[in-house]
Amino acid sequence: MNHLLGRTSLSLLAVLMAPLGFATTLNPSYDYDTTQDGYLYYDDASNVLAYLNTGNSTDVNQLAIDAALAVINNDPNAAALLALAEWANDCDVNNSGTVSSLDALNVINGLYDDPFQNPVNPYDVNDDSIVDIVDVLICINEFNSRAQDETLLLYSTACNAPFFDVTGNNQFTAEDILDLLDQMP
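Because the structure is a prediction, the values reported are computed rather than measured. (Residues numbered from 1 in each chain as written. Predicted model: local features only at pLDDT ≥ 70, side-chain atom pairs only at ≥ 80, totals over all residues. Heavy atoms only, no water.)

Participant: Help me get a handle on the overall build of the protein, residues and values and all.
Facilitator: Along the protein, the regular secondary structure elements total 7 helices and 0 strands. The helix and strand sequence of the protein, counted from the amino end, reads α-α-α-α-α-α-α. Scored against the burial criterion, the 185 residues of the protein give a buried share of 41%. Counted over contacts in the protein with a minimum sequence separation of 6, partners at least 24 positions apart contribute 66%. Summed over its atoms, the accessible surface of the protein is roughly 9800 Å², and 57% of this surface lies on carbon and sulfur atoms. (Helix = DSSP H or I, 4+ residues; strand = E, 2+ residues; numbered from the N terminus. Buried < 20%, exposed > 50% of the residue type's maximum accessible area, 1.4 Å probe, protein only. Contact = heavy atoms within 4.5 Å. Areas by Shrake-Rupley, 256 points an atom, 1.4 Å probe, with all protein chains shown as cover.)

Here it is in structure tokens:
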């Protein structure tokens, strides 16, 4: 129940801050991308630990309430409190209402939810730390060698390069190649 208050407070905060040019987003259930950069990397776990090392409150609900009150009262620290509340909210990946080392562990475990996707960079199919046309060619060659209905990936290739599942849906389809092509300059 306490955590619902935090979500409500952050929703209220979003409404209050929108006219001032601030964007507030809620961390959807089990969203491990704590840095909000669109990728799941080890830095997302580091972000949780960095928050814990600041010594700030780990109570997401109270931070949201404090930020909302600061906005209502025109407190000059409102923007800083809002940023802190958002950071804590992003780091609370298990939606418990508290930022803890368990959230960092959840992020680390989340890196391996899809054994067919590169956990560091989903677009780096051959895991050479470079996203380039070679990654596209590897996917095209693999796609052309498969039967049309053979979209499921084989577990013998799990957790090893090449990582064909660019989209993260545990399948290898033309969509993976198209998403990869979108990353090319």
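Participant: Which residues make up a nonpolar patch on the surface, and what values go with them?
Facilitator: Taken together, the side chains of L102, L105 and I108 present a nonpolar region at the surface, about 250 Å² in accessible area. Under the relative-accessibility criterion, L105 is labelled partly exposed at 43%. (Patch = residues over 30% accessible without salt bridge, like charges linked within 9 Å, V, L, I, M, F, W, Y side chains within 5 Å. Salt bridge = Lys/Arg side-chain N within 4 Å of Asp/Glu carboxyl O.)

Participant: Can you lay out unusual backbone geometry for me, pointing to particular residues and giving the numbers?
Facilitator: Negative phi values dominate among residues other than glycine, just as trans dominates among peptide bonds. The backbone phi angle of N95 is positive, close to 55°, even though this residue is not glycine. For N95, the location among the structural elements is in the loop between α4 (78-91) and α5 (101-110). Residue classification places N95 among the buried residues on the basis of a relative accessible area of 17%. Residues other than glycine seldom take positive phi values, yet D127 does so here, at roughly 60°. Secondary-structure assignment places D127 in the loop between α5 and α6 (133-145).

Participant: An account of α6 is needed here, citing residue identities and associated values.
Facilitator: Owing to its 3.6 residues per turn, the α-helix aligns residues three or four sequence positions apart on the same side. A rise of 1.5 Å per residue sets the reference length of α6, with its 13 residues, at 18 Å; its end C-alpha atoms lie 18 Å apart and thus fit the reference within 8%. Inspection of α6 places D135, V136 and C139 among the buried residues, and these make up the whole buried set. Each buried residue of α6 sits inside an arc of 100° when the element is viewed along its axis, so together they form one side. Those residues of α6 that are exposed and angled more than 90 degrees off the buried face are N141, N144 and S145. For α6, the secondary structure elements touched by its buried residues are α7 (174-182). (Expected span 1.5 Å × (residues − 1). Arc of directions from axis to C-beta.)

Participant: Describe the packing of aromatic side chains, and please don't skip the residues or the numbers.
Facilitator: Using the criterion set out here, one finds 3 aromatic pairs in the structure. Where F143 meets F172, the ring centres are 5.9 Å apart and the plane angle is 85°; that geometry is what we call edge-to-face. You can see F143 sitting in helix α6 and its partner F172 sitting in the loop between α6 and α7, a full 29 residues away along the chain. What makes F143 partly exposed here is its relative accessible area of 26%. (Phe/Tyr/Trp six-rings, centres within 6.5 Å; stacked < 30°, edge-to-face > 60°.)

Participant: Could you give me a rundown of the packing of α6 against α7, with the residues and numbers involved?
Facilitator: Between α6 and α7, the least distance of the axes is 10 Å, while the angle of their chain directions is 165°. As judged from the angle between their axes, α6 and α7 are roughly antiparallel. Crossing geometry of α6 relative to α7 is assigned as left-handed. Judged by residue contacts, D135, V136, C139, I140 and F143 of α6 engage A174, I177, L180 and L181 from α7. Of the residues in the contact of α6 with α7, the class split is 8 nonpolar, no polar and 1 charged. (Axes fitted to C-alpha atoms, helices over the stretch in contact; angles between N-to-C directions. Parallel < 35°, antiparallel > 145°, perpendicular 65-115°, else oblique. Left-handed = near helix turned anticlockwise from the far one by under 90°. Nonpolar A, V, L, I, M, F, W, Y, C, P; charged D, E, K, R; others polar.)

Participant: Would you mind going over the packing of helix α2 (residues 42-53) against α5 in detail, with residue names and values included?
Facilitator: If you want to describe how two helices pack, look at the angle between their axes and the distance between the axes. Remark: α2 packs on α5, axes separated minimally by 8 Å, with the N-to-C direction vectors making an angle of 175°. Viewed along their axes, α2 and α5 adopt a mutual orientation that is roughly antiparallel. Across from D44, A45, V48, L49 and L52 in α2, the residues of α5 making contact are S101, D103, A104, V107 and I108. Here the contact of α2 with α5 is composed, by residue class, of 7 nonpolar, 1 polar and 2 charged.

Participant: Tell me what's going on with the nonpolar core, and back it up with residues and numbers.
Facilitator: The biggest cluster of nonpolar side chains holds 11 residues, and these are V48, Y51, V60, L63, A67, L84, A85, A88, C91, V99 and A104. When residues of this core are traced back to their parent elements, those giving at least two are α2, α3 (60-72) and α4. Counting residues per element, this core draws most heavily on α4, which supplies 4 residues. With 10 residues, the next largest nonpolar core counts F164, V166, F172 and L180 among its residues. (Core = buried A, V, L, I, M, F, W, Y, C linked by side-chain atoms within 4.5 Å.)

Take it as geometry only, folks, not as evidence of what the structure does.
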